[in-house]
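Take a look at the letters that make up each chain.
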Amino acid sequence: MFHACIAGTGRAVPGKVLTNADLTRLVDTSDEWIVTRTGIRERRQAADGEVLSDFCVEAARQALEAGNVSVKDVDAILVSTVSPDAPIPSMACIVQHKLGAKKAAAWDQNAGCAGWLYGLHIADGLIQSGKARNVLLIGGEFLTRYADYTDRATCVLFGDGAGATLLKATKSDRGVLASTIRCDGEGAAFISMPGGGSTHPPNRPETLEQRLPFIKMMGGETFKVAVRSMVDVCREVLQESGFETDEVSWLIPHQANDRIISAVGERLGIPKERCVVNIDRYGNTSAASIPIALDEFVREGRIKRGDLILFTAFGAGLTWGAGLVRW
Ligand code: ACO
């Protein structure tokens, strides 16, 4: 039976760097607070006129080239995002057109910061069922466009960028060994953007007056449940595939907070040297954080054939998941 393997990766981030020093000019914060509480030193910010789909397309082209797959052979394009170019049409349709992937079905999914893991799980299922052979999975966000630069507790966290992964059908021992995705809608208020949808449409003045189309987060509460949930699903995929944590070559987690990454690694017994961290340079890019980190690590030549990679993420919804992949 076929399953999905990661055949290519790519990334594209805006050139503009927003440093912690820049943020001290906008809100009452300090480089010291941001670095010690989150690990973030700088993040990328899209300039006026830059469009997220262009970054998704650039990352996708790199992934196709790395995986040696022609755009005409792509069966499906999944874009995980909470900040698409526009509500209609979907980002994936825009990306499909810009790429010229005529044969591909295309759709978006909103699973917050866990979006890439939701996509991995779904793409593996499509490939296992024989409904697709080549799936482009893209995580892309322009979250700085929804950050509230009057709220120091959230605006320092987010950054912009896109990462792409080409998933290809294989019968080899490489690829997705196990994956799981979860949701608990009871925790919806932990991370939200209350305005901009049909409850508080963006075209009503009161939506903006009440500052509703901005990201809100209950940071402390989210922190605790994020660590616990990611550890649980990591253990689950390891158990399902019969591996122990000391066999994991690399943990590539969602980059929300360096302290969360350390806590997850510690509880699993994976030392920090085996945790991939780039939050210092990009901040939290939500659904883009794992594919960006993976692409950087791949292109630095850090991952060897046969390495066992554990992915995990947690985000708005609440949503979370884990995946174990043989490289
Ligand atoms: N600069 C200076 N002080 C600040 C800042 C800031 N930028 N932000 C908050 N503070 C202050 C607070 O006002 C508070 O002060 P007080 O004690 O006088 O009231 C103090 O610092 C501590 O605030 P906390 O919110 O308790 O800080 P905490 O250590 O929890 O860190 C953070 C906040 C970074 C948000 C952390 O809770 C976190 O990372 N949470 C999880 C994030 C996450 O995983 N999100 C999921 C994905 S996001 C998505 O899906 C879109």
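### Looking at the site of the ligand
- Close contacts around the ligand come from 25 residues, with T29, R37, C113, R152 and N257 the closest.
- Between the ligand and T29 there is a distance of 2.7 Å, counted from a nitrogen atom to a side-chain nitrogen or oxygen.
- When the ligand is considered free in solution it has 1000 Å² of accessible area, and contact with the protein chains removes 72% of it.
- For the shell around the ligand, the secondary-structure elements that each account for two or more residues are α2 (31–38), α6 (152–155), α8 (219–241), α9 (258–268) and β12 (308–315).
- Class assignment of the residues belonging to the shell around the ligand gives a composition of twelve nonpolar, nine polar and four charged.
- A domain-level breakdown of the shell around the ligand finds at least three residues from each of domain 1 (3–171) and domain 2 (177–326).

### A few points about the domain arrangement of the chain
- Each assigned domain of the chain is listed here: domain 1 (3–171) and domain 2 (177–326).
- Placing the centre of domain 1 and that of domain 2 at their C-alpha centroids yields a distance of 13 Å.
- With 45 residues of domain 1 at the contact, the number on the domain 2 side is 45 residues.
- Approximately 3700 Å² of surface area, both sides summed, lies buried where domain 1 meets domain 2, with 63% of it carried by carbon and sulfur atoms.
- Contact with domain 2 buries area across many residues of domain 1, yet R11, C113 and L117 alone supply 18% of it, more than any other trio.
- In this assembly, domain 1 and domain 2 are joined by two salt bridges.
- R211 is paired through a salt bridge with D148; the nearest N and O atoms lie 2.9 Å apart.
- Broken down by secondary-structure element, the contributors of at least two residues to the side of domain 1 that touches domain 2 are β1 (3–12), α2, β3 (42–44), α3 (52–67), α5 (115–128), β6 (134–142) and β7 (160–170).
- For the side of domain 1 that touches domain 2, the residue count by class is 18 nonpolar, 18 polar and nine charged.

### Quick word on the packing of aromatic side chains
- Considering all chains together, one arrives at four aromatic pairs under this definition.
- A ring pair is formed by W116 and F311, whose centres lie 4.8 Å apart and whose planes are at 55 degrees; its orientation type is tilted. Remark: F311 occurs in strand β12 and W116 occurs in helix α5; sequence separation between them is 195 residues. The two residues W116 and F311 agree in class, both being buried.
- For the cation-ring pair, R133 lies above F2, with the distance from its terminal atom to the ring centre recorded as 4.9 Å.
- Here K171 stacks its cationic end above the ring of F2, 4.7 Å away from the centre of that ring.

### Let's talk about the pairing of β12
- Of all eight residues that make up β12, eight are buried, and the element is covered over most of its length.
- Residues L308, L310, T312 and F314 point to one face of β12 and I309, F311, A313 and G315 to the other, with burial holding for every one of them.
- Alignment of strand β11 (residues 250–253) against β12, held across four bridges, turns out to be parallel. Its bridge partner being in β12, L251 is matched across the sheet by L310.
- Bridging between β12 and strand β13 (residues 319–326) involves eight bridges; their strand directions are antiparallel. Of the residues in β13, the one forming a bridge with T312 is A322.
- Between β12 and β13, which follow one another and run antiparallel, lie three residues, and G317 among them has a positive phi close to 150 degrees.

Procedures and definitions
- Residues numbered from 1 in each chain as written.
- Predicted model: local features only at pLDDT ≥ 70, side-chain atom pairs only at ≥ 80, totals over all residues.
- Heavy atoms only, no water.
- Near = heavy atom within 4 Å.
- Polar contact = N/O pair within 3.5 Å; in protein donor to acceptor, adjacent residues only side chain to side chain.
- Areas by Shrake-Rupley, 256 points an atom, 1.4 Å probe, with all protein chains shown as cover.
- Helix = DSSP H or I, 4+ residues; strand = E, 2+ residues; numbered from the N terminus.
- Nonpolar A, V, L, I, M, F, W, Y, C, P; charged D, E, K, R; others polar.
- Domains from an automatic or database assignment.
- Contact = heavy atoms within 4.5 Å.
- Buried area = accessible area lost by both parts, 1.4 Å probe.
- Salt bridge = Lys/Arg side-chain N within 4 Å of Asp/Glu carboxyl O.
- Phe/Tyr/Trp six-rings, centres within 6.5 Å; stacked < 30°, edge-to-face > 60°.
- Buried < 20%, exposed > 50% of the residue type's maximum accessible area, 1.4 Å probe, protein only.
- Lys NZ or Arg CZ within 6 Å of the ring centre and 35° of its normal.
- Pairing = 2+ DSSP bridges.

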